[in-house]
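An overview of the molecular structure
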Amino acid sequence: MVMLSKALILDGNRVATEIKERLAGRVEKLAAHGIVPCLATILVGDDPASATYVRMKGNACKRLGIRSVRVDLPSETTTVELIAAIQALNEDPNVHGILLQHPVPHHIDERAAFDSISIDKDVDGVTTQGFAQNAFGFAAFPSCTPAAIMAILDYYKLPVAGKHAVVIGRSPILGKPVSAMLLNEDATVTTCHSKTVGLEHHVRSADIVVAAVGKPKFVQGDWMKPGAVVLDAGYNPGNVGDVDYEACLPHASAITPVPAGVGPVTIATLLKHTVDAAERISREVK
Ligand code: NAP
């Protein structure tokens, strides 16, 4: 049986383009004051996927006139050495944002490394302090992928207040902060994880489904409540999301594709936060 879909395809490239267009003038204004926004990206080890993400972020910076600095560290880097590299960037007045590419090698204390990033330069929203601010609803720089998901909902004017949102995943950079952001926008939120009993049952009652699992095509079409809004944060090898897109499409009222869904908006959000940080610092030095 062929099921026809009337789902709205939530075009991440379109949302990202609008965010970046709004940034261009702000970058020019900063340049007139002799300030070039600068994002420093730290990559530890040689994970090819991480190297690709870092390259994509660097290219996106370049296209917008944002300077990007790459710090590549070997896999054997210790926690102390990584924190020393982060401290040097914290103290560099020409660096406005710092991104430590996740994941770092297992022997490194990732939380300690994240928490050594200055809150003023935590443009990826990974510090404990940034997480807490996000939970309270006043973060300067909320975690980029959760902020991207909220930006897509906002762009397409999809209502959140009063809706039942089911988030699958509870990582500190994605599942937990997006749950908090949806809650702050007055959704009723259920956060699911690997120990959740009856996951499908929870998803079947969701008006909004956020997939942040890290498992290709994990979310099934027959789990969907008719008319659900589906946001797929997943990005697995082969450009595959965490949602079985083809199977969910006929049931959803709106859905993000992978690629060209949440991913480009995440990068645009990172650029926005870097420009925000440069503007904040430039106001302080005036
Ligand atoms: P993560 O740290 O591995 O977290 C995965 C979460 O999924 C965990 O909370 C885990 O539960 C839960 N989970 C695993 N198996 C499950 C199951 N069978 N049922 C229910 N929940 C289950 O991953 P992440 O960093 O949050 O990333 C999630 C996805 O988003 C990945 O595909 C990643 O590539 C993608 N991502 C995309 C972007 C972007 O810009 N688009 C950015 C970051 C990440 P437990 O907590 O119980 O282990």
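Residues numbered from 1 in each chain as written. Predicted model: local features only at pLDDT ≥ 70, side-chain atom pairs only at ≥ 80, totals over all residues. Heavy atoms only, no water.

**Section: the site of the ligand**
- What surrounds the ligand is a group of 22 residues, the closest being Arg170, Ser171, Ser194, Lys215 and Ala233.
- The contact in question runs from an oxygen atom of the ligand to an N or O atom on the backbone of valine 213, over 3.5 Å.
- One of the backbone nitrogen or oxygen atoms of tyrosine 235 is found 3.1 Å away from an oxygen atom of the ligand.
- In isolation the ligand exposes 920 Å². Once the protein is present, 72% of that is buried.
- Looking at the shell around the ligand residue by residue, the class counts come to nine nonpolar, 10 polar and three charged. (Near = heavy atom within 4 Å. Polar contact = N/O pair within 3.5 Å; in protein donor to acceptor, adjacent residues only side chain to side chain. Areas by Shrake-Rupley, 256 points an atom, 1.4 Å probe, with all protein chains shown as cover. Nonpolar A, V, L, I, M, F, W, Y, C, P; charged D, E, K, R; others polar.)

**Side note on the sheet that holds strand E2 (residues 38-44)**
- Strand order in the open sheet formed by three strands is E3-E2-E4, and the pairing between neighbours is parallel. Single-partner strands in this sheet number two, and they are strand E3 (67-73) and strand E4 (97-100). Put simply, the sheet's adjacent strands are angled 20° from each other on average, direction ignored.
- Pairing analysis gives seven bridges linking E2 to E3, with the strands arranged parallel. Bridging across to E3, isoleucine 42 finds its partner in valine 71. (Pairing = 2+ DSSP bridges. Helix = DSSP H or I, 4+ residues; strand = E, 2+ residues; numbered from the N terminus. Axes fitted to C-alpha atoms, helices over the stretch in contact; angles between N-to-C directions.)

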